[in-house]
Structures are given as C-alpha cells and as structure tokens.
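# Structural characterization, general
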Amino acid sequence: MSENPAKIKKVSIIISKGSLDGIYPGLIMANGARMEGIEVNLFFTFFGLYGILKKYNKGIKIATVGNPTMRVPDAKGLPLPTLVGLIPGMSAFATWMMKREIEKLDIPPIPEMLEMIHDAGGRIFACKATVDMFHLTKEDFSPQVEKVLTVGEFYEISAGAQIIFT
Amino acid sequence: MATKILAGVNVDVNEEGYLNDNSQWNKEIAAAIAKEEGIAELTAEHWKVIEFLQTDYKEKGALPTIRRINVACVPTKEFYTLFPGGPLKKAAKIAGLPKPASCV
C-alpha cells in the first residue's frame, strides 16, 4: 500500500433521503466506520428521518417511479418504465426482492442496523428543523436516537470530522 | 511478503501484518500480535471470539459478519470492548486469519 496520509478519525454522516437506497448507504458507511475504529455521528434529516421513526422504519421502500436506472427482475434485466412502476404493489415487490439480497449479505433490517451501530458506539441524532416540521416527539423515535440537534449543535459535535451528506 | 519475528519465531506476514500462512499460527503468536494491537492480555472472552472466527472461517471460507458474531458469539457492544478500534480486523489478525473482505 502507498504512504498513508492522516487516517480518518471521525465522520459525520447525514441521511436526508427516505427511500431504502437513500437510507442504507449511510447506515452501511456508519457501521463500516465503526468497524475501522472511526468515531461516527449519524444525523437524520428531512425524509431520511423516517429511518429512525420506529413506526415506519420497518416499511422503508424502493421507489419504482422516478428511478430511471432501475431494472427488472434483476440488476441486468430490462428497464422498468415509469408507467409500470406506477402499478400498485410494484414498489413493495421491488423492495421485497432487494431486501432478500440485502439479507443474503447479512446486512440487517433498518431497526436492527440502528441497534448495531449504536452498540458499536455510533451516535444517532435527529434534525430539529425536520422534527418541528413533521410535529414529532421523542416517542416517535427508535430508542437508539440520542437527541434532537439544531444545525449548530450538529456542527459542534462534528468538530474535527469529515462530513458526508447522503 | 515479509517475515517478522513474533513470539521468538519467524512468521510470514503481508504488508499489513496479517499472517500469510495460517499453519504458522499458535497461541503465543496470537498473544504477540495482540500486544502490537494494544491488547495487553488475551482473556477467556478474547479466546472465545478468536476460536469462533477460526472455526467459522474453516467452515465457510470467510470471516463472519459483525451481525453473525452478535448472534452466535458475543454481543456487539462486548466485541467492541474486547477489541477496541476495529474489532473484526484486530480479532482476525490475532486469529491468524486474513483481513476482513466484507463491508459489514
């Protein structure tokens, strides 16, 4: 391996999108960071916040409309036209297919993944502006959520970190 | 490929310090690698993890994921406490196994 510049010591990962493919990458990166001994703060905002709403985070889905790269029945299949993606149940079906593949890689469902990151020492936060906008309270969150933060507090907590927006 | 003296014997290691030949591994070498990784003493709990990784690797040809370790060996929290700062990598290195090749 080539000369290593300074090792990454701390990251802040922002999850802002509420689809399955919007939430998982940030979770996988957060967990992977902990596996490397990197300090992690996870910040959920806008529709990404659904990833930490205990009533909804089991049911996060893939968008089959407005997702022009999506192919069926697998990644090398035919493109899925928007009008077909519109058929009721398509999103649920695509989600089911993808979840099956995710499970094969031993990547846990979202609620369990939050627990895993939390147990690994990753800290999980919700965005104040979104929480106010959606009229949410502490009871709506998964138990691993530590606190609701303002943007200012997020930057304070992120001191010395690399910030990753997803 | 390089050799390194661990616990008084010459062992083949790669550029990151993982053993190239698992048959050269023994408990003294494990303890020596652990010291280099900042673990002063390997306790019974450490050995439980090390042995689990070795058995699983032998059976499946790959290291277990953190999730599998949580279910089948030690809880995630404890795993991170036992091998601070990169538990799977450290535990694999101490167990004489290759660097983890999975994202989870």
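Structure: see above.
We now turn to the structure provided with this report. Computed from a prediction, not measured in an experiment: that's the story for all the values here.

## As for the nonpolar core
Among the nonpolar cores identified, the biggest contains 35 residues, and Leu27(A), Leu42(A), Phe44(A), Leu49(A), Ile52(A), Ile110(A) and Phe141(A) are the most heavily contacted of them. Those elements giving two or more residues to this core turn out to be strand E1 (10–15), helix H1 (20–35), strand E2 (39–44), helix H3 (90–104), helix H4 (110–119) and strand E5 (123–127) of chain A. It is H1(A) that contributes the most residues to this core, six residues altogether. If you count residues domain by domain, this core takes at least three from each of domain 1 (10–58 + 109–166) and domain 2 (60–108) of chain A. Those residues in contact with Leu49(A), other than ones at most four positions away along the chain, are Phe44(A), Ala126(A), Cys127(A), Thr130(A), Val131(A), Phe134(A), Leu136(A) and Phe141(A). Ala120(A), Leu6(B), Cys73(B) and Phe79(B) belong to the second-largest nonpolar core, a separate cluster that totals 34 residues.

## Section: the pattern of salt bridges
As enumerated under the stated definition, the model contains 14 salt bridges over all chains in all. Measuring nitrogen to oxygen at the nearest pair gives 3.0 Å for the salt bridge that ties Arg67(B) to Glu103(A). Of the two residues, Arg67(B) is situated in helix H3 (residues 66–72) and Glu103(A) in helix H3; the pairing between them involves two chains. Classification of Arg67(B) as buried rests on a relative accessible area of 10%. Judged by relative accessible area, Glu103(A) falls into the partly exposed class, the value being 40%. Of the charged contacts, one joins Glu153(A) and Lys147(A) as a salt bridge, the two residues approaching to 3.6 Å between their closest N and O atoms. If you follow the salt bridges from partner to partner, you end up with Glu103(A), Asp106(A), Glu112(A) and Arg67(B) in one network.

## With respect to the sheet that holds E5(A)
Residues and elements named next belong to chain A. A sheet is described by the order of its strands in space; here five strands give the open sequence E6-E5-E2-E1-E7, paired in parallel fashion. Across the chains shown, the open sheet's two edge strands, defined by having one partner strand only, are strand E6 (145–149) and strand E7 (162–165). The sheet shows a mean angle of 25° between the axes of neighbouring strands, direction not considered. Pairing of E1 with E7 involves four bridges; the strand directions are parallel.

## Some remarks on the side chain of Thr76(B)
With respect to the helices and strands, Thr76(B) occurs in helix H4 (residues 76–82). The buried category is assigned to Thr76(B), whose relative accessible area is 3%. Filtering out sequence-adjacent residues up to four positions away, Thr76(B) remains in contact with Met116(A), Asp119(A), Ala120(A), Ile66(B) and Asn70(B).

## Structural notes on helix H2 (residues 44–60) of chain B
Residue and element names in this part refer to chain B. With 17 residues, H2 ought to run about 24 Å at 1.5 Å a step, and its terminal C-alpha atoms sit 24 Å apart, in line with that. Residues His-46, Trp-47, Val-49, Ile-50, Phe-52, Leu-53, Gln-54 and Asp-56 constitute the buried set of H2. Those residues of H2 that are buried lie in contact with helix H1 (27–36), H3, H4 and helix H5 (87–94). Backbone geometry just after H2 places Gly-61 at a positive phi near 75°.

Thresholds applied
- Residues numbered from 1 in each chain as written.
- Chains lettered and ligands numbered in written order.
- Predicted model: local features only at pLDDT ≥ 70, side-chain atom pairs only at ≥ 80, totals over all residues.
- Heavy atoms only, no water.
- Core = buried A, V, L, I, M, F, W, Y, C linked by side-chain atoms within 4.5 Å.
- Buried < 20%, exposed > 50% of the residue type's maximum accessible area, 1.4 Å probe, protein only.
- Helix = DSSP H or I, 4+ residues; strand = E, 2+ residues; numbered from the N terminus.
- Domains from an automatic or database assignment.
- Contact = heavy atoms within 4.5 Å.
- Salt bridge = Lys/Arg side-chain N within 4 Å of Asp/Glu carboxyl O.
- Pairing = 2+ DSSP bridges.
- Axes fitted to C-alpha atoms, helices over the stretch in contact; angles between N-to-C directions.
- Expected span 1.5 Å × (residues − 1).

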